[in-house]
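A closer look at the structure
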Amino acid sequence: MNPSPAPMVEHHKLTLGKQLGQGGQGTVHEVTNRKINEAAGDGWDVVYKEYGPAVLPALRADALASRAELIGELKAADAKWLCERTAWPAAVVQRHGHTCGFLMRAVPARFRFAFRNLGGATGTQRLASMEYLLNDDAYVAGIGLTISVRDRLALLGDLATMLSRLHGLGITVGDLSPKNLLFATAPHPECFLIDADAMRLRGDTVLPQAETPDWQIPDGEEKATCASDIYKLALLAVRLIARDQTATDPTVLTPVSPALAALARSSLDPDPVRRPTPAQWAETLAAAGTTASTVPASASATGRRIRRTPHAPGNLMPARTAPARNPAKPTSKAKPTSKTGAGFAASIAVVLVALLALAVTHSNGGDSGSTSESVSSAASDFPTVPDSTPTDLTFTDPDPTDLDPATSEPATSEPDTPSATPSPDAIAAAEVGSCFYDNGTSGRADLVATDCTDGAFKVVRIYSDTTDLSSCDDVTDSDESVSSVRHDRVLCLSYQSPGGTAYHADQGDCVYGSHGTGPWSTQTCQTGNFKVLAVYRGTSDHSKCDSWPHYNQWKRFGVASDSGLDVLLCLSMNYPDDAGYAKQNQCLFKSGSEQHATFTNVGSCAASNVVVTGRTSQYGARAFCGSYGWTTWRPSDFPALAYTVCWRPK
């Protein structure tokens, strides 16, 4: 019997609500006239992810369809489990016969928590991203999370069990990192995987595999395999126990369990063949959990605070004390209703009927083909939703190259530390555009008014009637936030780097400057300048750039008064065409005349017409190519990045 075709929905039949997020892959929207799994009760809310025009050429529509078909191919128990524990695509959305996105269920409400703000008041509901747990105990407890060492081990054990089952279904996660992983501790510790369309199914991918910075597998290893998932599970175990975002030493696990430390060490083996299985992880974690502490960590005392740029991994602009200005983990707002439901249907028949039908609700009539392309919302906007309400769910769909303001902060922020009121008169008199030197320490601000010169902090936003430092999280180029209880004010400050505007560049921006000590500026991308591959804060270790594809230059902006404000850019030269990064034996498509030829990597040797026979970093090395054709180019300020590429017709 042939498998059922993938569930398909025409875009014009969707009634879209608010745009809930925007990222590197596209946008996410509410869907107000559709539910899935209605036979189980009120059904689950769904959201629509629309791929952006830039990624559509690389999108494999057949691979996306196979994901929607998978539920109908699985056994009842497997189908139920997959839909309960992942945001798996439920239906493909088409516009005029062409795939443009997909529908999926929302994230269950139990994978959220009531975030406690810096003043100690419980406010918004936020997605419980594993990123929150990669900070020390004082911070974690201070924001309202109650978690013990045993809980941490249980979450890792649940993830190991999930990986074992996913691998058995032919699914590998690939970009396994805290931003794609949600957690809950009640009624019991468990995980929920998002970004499911980026997973690999039976070796196929919807879009090219990407990895989160500081969560990459060894250079040259195949991405999104069972072995790569184990490697990243080991990294997560080390960092979750170390309460650190970039730790890699398995020794930190020894006090918890020597056997666990040994398992992590073997899981980080450069040879994928020698890595253990997720089942071995689950067994070892279960044993370690029996003796682990069940006492949750407590928060330290709170007071007036200054938040400084911390040491952080390079996930887009990680850590300007505020998150990146390119928010990209799309989120969905739950509707505050009191509907209740019975949960997932017990039989596969109900699963198939629910997922394939995607029935239209009676309370939201009409169709709409409109979409919004520019607005994003943070998870902090979500209302409180009881976990017993299956219709009031949220969905998030992160992109591997971007982070959302609501969930990137905890993974890149140091715990709040007490401080004295920072120069209260300066804060009271400050206006947008005012500039200050900060002569304070890492936990205490001391603002002194000055001209807006290099090394100063400029006030870019002021919030009154609050001392919540997270108010600055969405403010462009905010590097430091300072609050005063006396004046009930928050200042968002931007560091004025003598290194130029490139100091505030984001991943994907283009920059340029001299090879010496002169300033660098952000520019329109063009041949001869550099594209920003990654941005790291609080480090001068340019070896972090080594694993980025096409990396060939780094630029550091140091801050003598506060190394936490240091910026490291990993850069890639914008060559005239794809010959610039071509390797020997690579296929290219050559067009144009011999004197003005253009070489394009079309991704297929069958569609190419030349093969690269050699490459050298010397400019104009015609003799190097012998009788073969050749093309050469050299940037004036960076001659070491010159090339001569030799080619022959296919």
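Going by the structure above, here's the rest.
Presented here is a report on the structure given in the accompanying data block. Bear in mind that the values here come from a model prediction, so they are computed numbers and not experimental data.

Calculation notes
- Residues numbered from 1 in each chain as written.
- Predicted model: local features only at pLDDT ≥ 70, side-chain atom pairs only at ≥ 80, totals over all residues.
- Heavy atoms only, no water.
- Helix = DSSP H or I, 4+ residues; strand = E, 2+ residues; numbered from the N terminus.
- Buried < 20%, exposed > 50% of the residue type's maximum accessible area, 1.4 Å probe, protein only.
- Contact = heavy atoms within 4.5 Å.
- Areas by Shrake-Rupley, 256 points an atom, 1.4 Å probe, with all protein chains shown as cover.
- Phe/Tyr/Trp six-rings, centres within 6.5 Å; stacked < 30°, edge-to-face > 60°.
- Polar contact = N/O pair within 3.5 Å; in protein donor to acceptor, adjacent residues only side chain to side chain.
- Disulfide = S-S within 2.5 Å.
- Core = buried A, V, L, I, M, F, W, Y, C linked by side-chain atoms within 4.5 Å.
- Axes fitted to C-alpha atoms, helices over the stretch in contact; angles between N-to-C directions.
- Parallel < 35°, antiparallel > 145°, perpendicular 65-115°, else oblique.
- Left-handed = near helix turned anticlockwise from the far one by under 90°.
- Nonpolar A, V, L, I, M, F, W, Y, C, P; charged D, E, K, R; others polar.
- Expected span 1.5 Å × (residues − 1).
- Pairing = 2+ DSSP bridges.

Our next topic: the overall build of the protein chain. The number of helices and strands found in the protein chain is 11 helices and 28 strands. Burial status across the protein chain gives 55% buried among its 650 residues. If you take every contact in the protein chain between residues at least 6 apart in sequence, the share linking residues at least 24 apart comes to 67%. Accessible area of the protein chain: about 25,400 Å², with a carbon and sulfur share of 51%.

Moving on, we come to the environment of Ala262. For Ala262, the position within the fold is in helix H6 (residues 258-267). Residue Ala262 is classed as partly exposed on the basis of its relative accessible area, which comes to 41%. Through-space distance from the C-alpha of Ala262 to that of Pro250 is 7.5 Å; in sequence the pair is 12 residues apart.

Moving on, we get to the packing of aromatic side chains. For the structure shown, the criterion picks out 19 aromatic pairs. Summarising the aromatic geometry, the rings of Tyr51 and Phe102 are spaced 6.0 Å apart at their centres and angled 45° between planes, so their arrangement reads as tilted. Taken as a pair, Tyr51 in strand S4 (residues 44-51) and Phe102 in strand S6 (residues 98-105) lie far apart in primary sequence, 51 residues in all. One exposure class covers both Tyr51 and Phe102, and it is buried. Consider the rings of Tyr575 and Tyr643, whose centres lie 5.1 Å apart with planes at 90°: the pair is edge-to-face. Taken together, the residues span a long stretch of sequence, with Tyr575 in the loop between strand S23 (567-573) and strand S24 (587-591) and Tyr643 in strand S28 (residues 643-649) at a distance of 68 residues.

On to the side chain of Thr644. Relative to the elements of secondary structure, Thr644 occurs in strand S28. Of the residues examined, Thr644 reaches a relative accessible area of 0% and is grouped as buried. One polar contact links the side chain of Thr644 to the main-chain amide nitrogen of Gly620, over a distance of 3.3 Å. A distance of 3.1 Å separates a polar atom in the side chain of Thr644 from the backbone nitrogen of Ala621.

Another aspect to go through is the state of the cysteines. For the coordinates displayed, the defined rule picks out six disulfides. Each sulfur in the disulfide pair Cys587 and Cys605 lies 2.0 Å from the other. On the S-S bond that ties Cys587 to Cys605, the torsion sits near 90°, and the link is right-handed. Of this pair, Cys587 sits in strand S24 while Cys605 is found in the loop between strand S25 (598-600) and strand S26 (610-616), placing the two residues 18 residues apart along the sequence. The class of Cys587 is buried, set by a relative accessible area of 10%. When its relative accessible area of 40% is taken as the criterion, Cys605 is described as partly exposed. The connectivity of the disulfides in the protein chain is 1-2, 3-4, 5-6, 7-8, 9-10, 11-12, where the numbers refer to bonded cysteines in sequence order.

Counting residues in each nonpolar core, the largest one holds 75 residues, and the members touching the most others are Leu82, Trp88, Met130, Leu133, Ile171 and Trp281. Among the elements that take part in this core, helix H5 (residues 226-242) stands out by supplying 10 residues, more than any other. Setting aside residues no more than four positions away along its own chain, Leu133 makes contact with Val140, Leu145, Ile147, Arg152, Leu155, Phe183, Leu240 and Arg243.

A few words now on the packing of helix H4 (residues 149-168) against helix H7 (residues 278-289). Describing two packed helices takes the angle between their axes plus the distance from one axis to the other. At a closest axis distance of 8 Å, the pairing of H4 and H7 adopts a crossing angle of 160°. When the axes of H4 and H7 are compared, the pair comes out roughly antiparallel. Helix-helix and strand crossings are classified by hand; for H4 and H7 the assignment is left-handed. Contact residues: H4 offers Arg150, Leu153, Leu156, Gly157, Ala160, Thr161, Leu163, Ser164 and His167, while H7 offers Pro278, Ala279, Trp281, Ala282, Leu285, Ala288 and Gly289. Here the contact of H4 with H7 is built from residues that sort into 10 nonpolar, five polar and one charged.

What follows is about the side chain of Asp229. Here Asp229 lies in helix H5. A polar contact of 3.0 Å, which involves the side chain of Asp229, links it to the backbone nitrogen of Gly174.

Here we take up H4. Between its first and last C-alpha, H4 extends 29 Å over 20 residues, near the 28 Å set by a 1.5 Å rise per residue. Two residues or fewer past H4, Gly170 is found with a positive phi of approximately 85°.

Another aspect to go through is unusual backbone geometry. Of the consecutive residues Ala186 and Pro187, the connecting peptide bond is found in the cis state with omega at 5°. Of note in this structure, Asp195 is not a glycine but carries a positive phi near 60°. Within the fold, Asp195 resides in the loop between strand S11 (190-193) and strand S12 (200-201). With phi around 75°, Asn585 is a residue other than glycine that occupies positive phi space. Secondary-structure assignment places Asn585 in the loop between S23 and S24. Exposure remark for Asn585: the relative accessible area of 60% places this residue in the exposed category.

As a further point, take the sheet that holds strand S19 (residues 510-513). Hydrogen bonds along the backbone pair up the strands of a sheet, which may run parallel or antiparallel. Spatially, S20-S19-S21-S23-S22 is the arrangement adopted by the five strands of the open sheet, whose pairing is antiparallel. The sheet terminates laterally at strand S20 (520-523) and strand S22 (553-557), the two strands that pair on one side only. On average, each strand axis in the sheet is tilted by 40° relative to the strand beside it, whichever way the strands run. Relative to strand S21 (residues 530-537), S19 is paired through two bridges, and the arrangement is antiparallel. Bridge pairing in S21 links Val511 to Phe530.

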